[in-house]
Every structure is written in structure tokens, then in C-alpha cells.
Amino acid sequence: MPGFAPEASLRPVARPFAQRTASVTAVVPSRGAGASMAGGGGEMIRQVSTRGQATAPRPTPSTPRSAALCGDGDIRGAKVGPVTAKVRGCGIDDGVKVHSVSGVLLSRPALMDCRTAKTLKHWIEAGLDPAVGRRGGGVAGLRVAADYSCRTRNHKKGARISEHGKGRAIDISGIQLRDGTEISVLDDWGRGRKGRILQKVHRAACGPFGTVLGPNSDRHHRDHFHFDTARYRSGAYCR
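Residues numbered from 1 in each chain as written. Predicted model: local features only at pLDDT ≥ 70, side-chain atom pairs only at ≥ 80, totals over all residues. Heavy atoms only, no water.

Student: When you look at the pattern of salt bridges in this model, what are you seeing that I'm missing?
Tutor: Two side chains bearing opposite charge may form a pair once their charged atoms approach each other closely. Applying the stated rule across the entire model yields seven salt bridges. Residue Arg-143 pairs with Glu-182 through a salt bridge whose shortest N-O separation is 2.9 Å. Of this pair, Arg-143 sits in strand 12 (residues 139-146) while Glu-182 sits in strand 14 (residues 182-184); the two residues are 39 residues apart in sequence, bridging distant segments of the chain. Glu-182 shares its class with Arg-143; the two are buried. Here Glu-163 ties to Arg-168 by a salt bridge, and the two come within 3.5 Å at their closest N and O atoms. Relative accessible area serves as the criterion here: at 8%, Glu-163 is assigned to the buried category. Judged by relative accessible area, Arg-168 falls into the partly exposed class, the value being 34%. What emerges from the salt-bridge pattern is a single network uniting Asp-72, Asp-74 and Lys-121. (Salt bridge = Lys/Arg side-chain N within 4 Å of Asp/Glu carboxyl O. Helix = DSSP H or I, 4+ residues; strand = E, 2+ residues; numbered from the N terminus. Buried < 20%, exposed > 50% of the residue type's maximum accessible area, 1.4 Å probe, protein only.)

Have a look at this one:
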């Protein structure tokens with residue numbers, strides 16, 4: 001399946017997505033209705049309800065040395081701390097490297113700040129899961145095209161520092177389903193049922209995230225969604 005070049009580039013290249021196991025044992029309730037934990041792993045896995053019917057729990061992500069982050073047991077990964085850069089405007093005061101969110105595995109660990117990690121969780125639970133529903137068994141993972149990278153917007157010389165350079169952004173190019181299939185921004189935007197799902201998750205990100213860009217915004221985003229937590233007086237900017 002497709003993967004990604006180093007974070008300096010936003011264009012995908014071939015790399016296999018991490019395989020997920022379909023078996024889950026010893027399920028117990030967690031922080032509220034609809035949550036559960038895979039026995040022995042300590043990883044929080046939610047059961048997602050769609051039209052009153054719960055899907056099977058997501059498999060526990062295999063993320064060695066994964067710990068709860070940002071005071072939230074549903075955000076798993078590793079604490080990084082301050083991230084510095086030689087370029088003025090780049091860096092993160094208190095960075096975290098996120099492996100999974102609410103049981104959704106990221107295709108690679110993503111470096112960001114806690115505000116962005118918590119916003120990503122909100123979007124997954126309130127926007128992504130309901131939009132995908134039971135298709136393909138539900139959401140298993142997200143394909144990450146870019147996270148923290150000290151650079152200007154769209155790599156343009158002389159432009160402002162991107163929110164990626166502040167740890168406030170993540171780019172998503174695909175949604176991995178539990179049956180092994182994928183919904184691709186590049187291949188499925190504007191096409192059939194998968195395209196309608198992508199439009200729903202794009203709309204759901206607008207508001208929780210301050211900036212939401214997709215294939216209709218410009219040529220730089222034809223193959224991925226850009227989400228960031230910048231805030232504007234006029235409200236969220238979504239295209």
C-alpha cells in the first residue's frame with residue numbers, strides 16, 4: 001500500500017501500512033459509555049456506535065513504550081518535551097510523539113503539541129468514526145503525510161512559517177479500514193461513497209481545527225487533508 005516520503009515532502013511514495021490484528025480479548029469498560037480496554041495491553045479501545053449499533057472494538061495498536069499523553073489515556077505515544085529549531089518561529093514548547101488516538105493507529109508517529117493531539121481526538125470521535133460507520137469494519141488507522149516540520153507554508157521561499165513548524169498541524173492522506181481496504185484522498189475524493197465519506201470528515205474537521213484544507217483548496221492539497229489548530233478572529237478557514 002502507498003506510504004510517504006520524509007516529512008519535508010507532502011507527496012506519498014510506496015511504503016506498506018502497518019498490519020493490524022483482528023482479535024481482541026478481555027474487554028472491560030473504561031472512561032465512559034462505549035469505551036473498553038484490551039486485556040493486558042493497557043491501550044484504550046472504544047466501541048463506536050453507528051445508528052444505535054456498536055461495531056466490534058478496534059484491535060489494540062502495537063506501539064512499544066507507548067504511554068498516555070496530554071493527560072488523556074486515549075492519546076498514546078511518547079513525551080518529547082521542548083523542540084527547538086534554528087529558524088525563528090519554529091519549535092514546540094512541549095512536544096509529544098503520537099502513535100495512536102482513541103484506538104486509531106497512525107501510520108507513523110506524529111510530532112505535535114497537546115492541543116493538536118486533543119483536537120485530533122475530537123475529530124476522530126465526533127467526525128471520522130460517524131462518517132465511516134461500519135464500512136470495512138470501521139476505522140483502524142490514519143495515513144499521515146506530514147506532521148512537525150520546520151518550513152514555510154507550502155515550502156514557498158519568503159512565506160510565513162507553516163503551522164507544521166510550530167507543532168500545530170497534521171496532514172492526512174488516507175483512512176485505513178479494519179478489513180485492510182483504504183479510503184484515499186488522492187484516489188477517492190469526489191468519487192462515489194468513499195468520496196462522500198471524505199467530504200463528511202473534511203466538513204467535520206472545520207471548527208475543531210482552525211484551518212482545514214483539501215483537494216478543492218489548491219494543487220498543494222490534492223492528495224491530502226491539512227488540519228491545523230491556528231485560530232483566526234473571523235473563525236475557522238476551511239476549503
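Student: Would you explain the pairing of strand 12 in this entry?
Tutor: Buried residues dominate strand 12, accounting for eight of its eight residues. For strand 11 (residues 104-112) and strand 12, the ladder comprises two bridges, and the chain directions are parallel. Within the sheet, the bridge partner assigned to Leu-105 lies in strand 12 and is Gly-141. Regarding topology, helix 1 (residues 114-132) serves as the crossover connection from strand 11 to the parallel strand 12, and that connection is left-handed. As defined by bridge partners, strand 12 adjoins strand 13 (residues 169-177) across six bridges and the pair is classed as antiparallel. (Pairing = 2+ DSSP bridges. Right-handed = clockwise from strand over helix to strand, strands pointing away.)

Student: Teacher, can you tell me more about the packing of aromatic side chains here?
Tutor: Aromatic ring pairs: the centre-centre distance and the angle between the two ring planes describe each pair. The final tally for this structure, using the stated rule, is four aromatic pairs. An angle of 65° between the planes, with centres 5.0 Å apart, marks the rings of Trp-123 and Phe-227 as edge-to-face. You can see Trp-123 sitting in helix 1 and its partner Phe-227 sitting in strand 16 (residues 225-228), a full 104 residues away along the chain. For Trp-123, a relative accessible area of 1% gives the class buried. Ring geometry for Phe-209 and Phe-227: centres 4.9 Å apart, planes at 20°, overall stacked. In this pair, Phe-209 sits in the loop between helix 3 (192-205) and strand 15 (211-213) while Phe-227 sits in strand 16, placing the two residues 18 residues apart along the sequence. Each of the two residues, Phe-209 as well as Phe-227, counts as buried. A network of ring pairs unites the aromatic residues Trp-123, Trp-189, Phe-209, Phe-225 and Phe-227 as a single cluster. (Phe/Tyr/Trp six-rings, centres within 6.5 Å; stacked < 30°, edge-to-face > 60°.)

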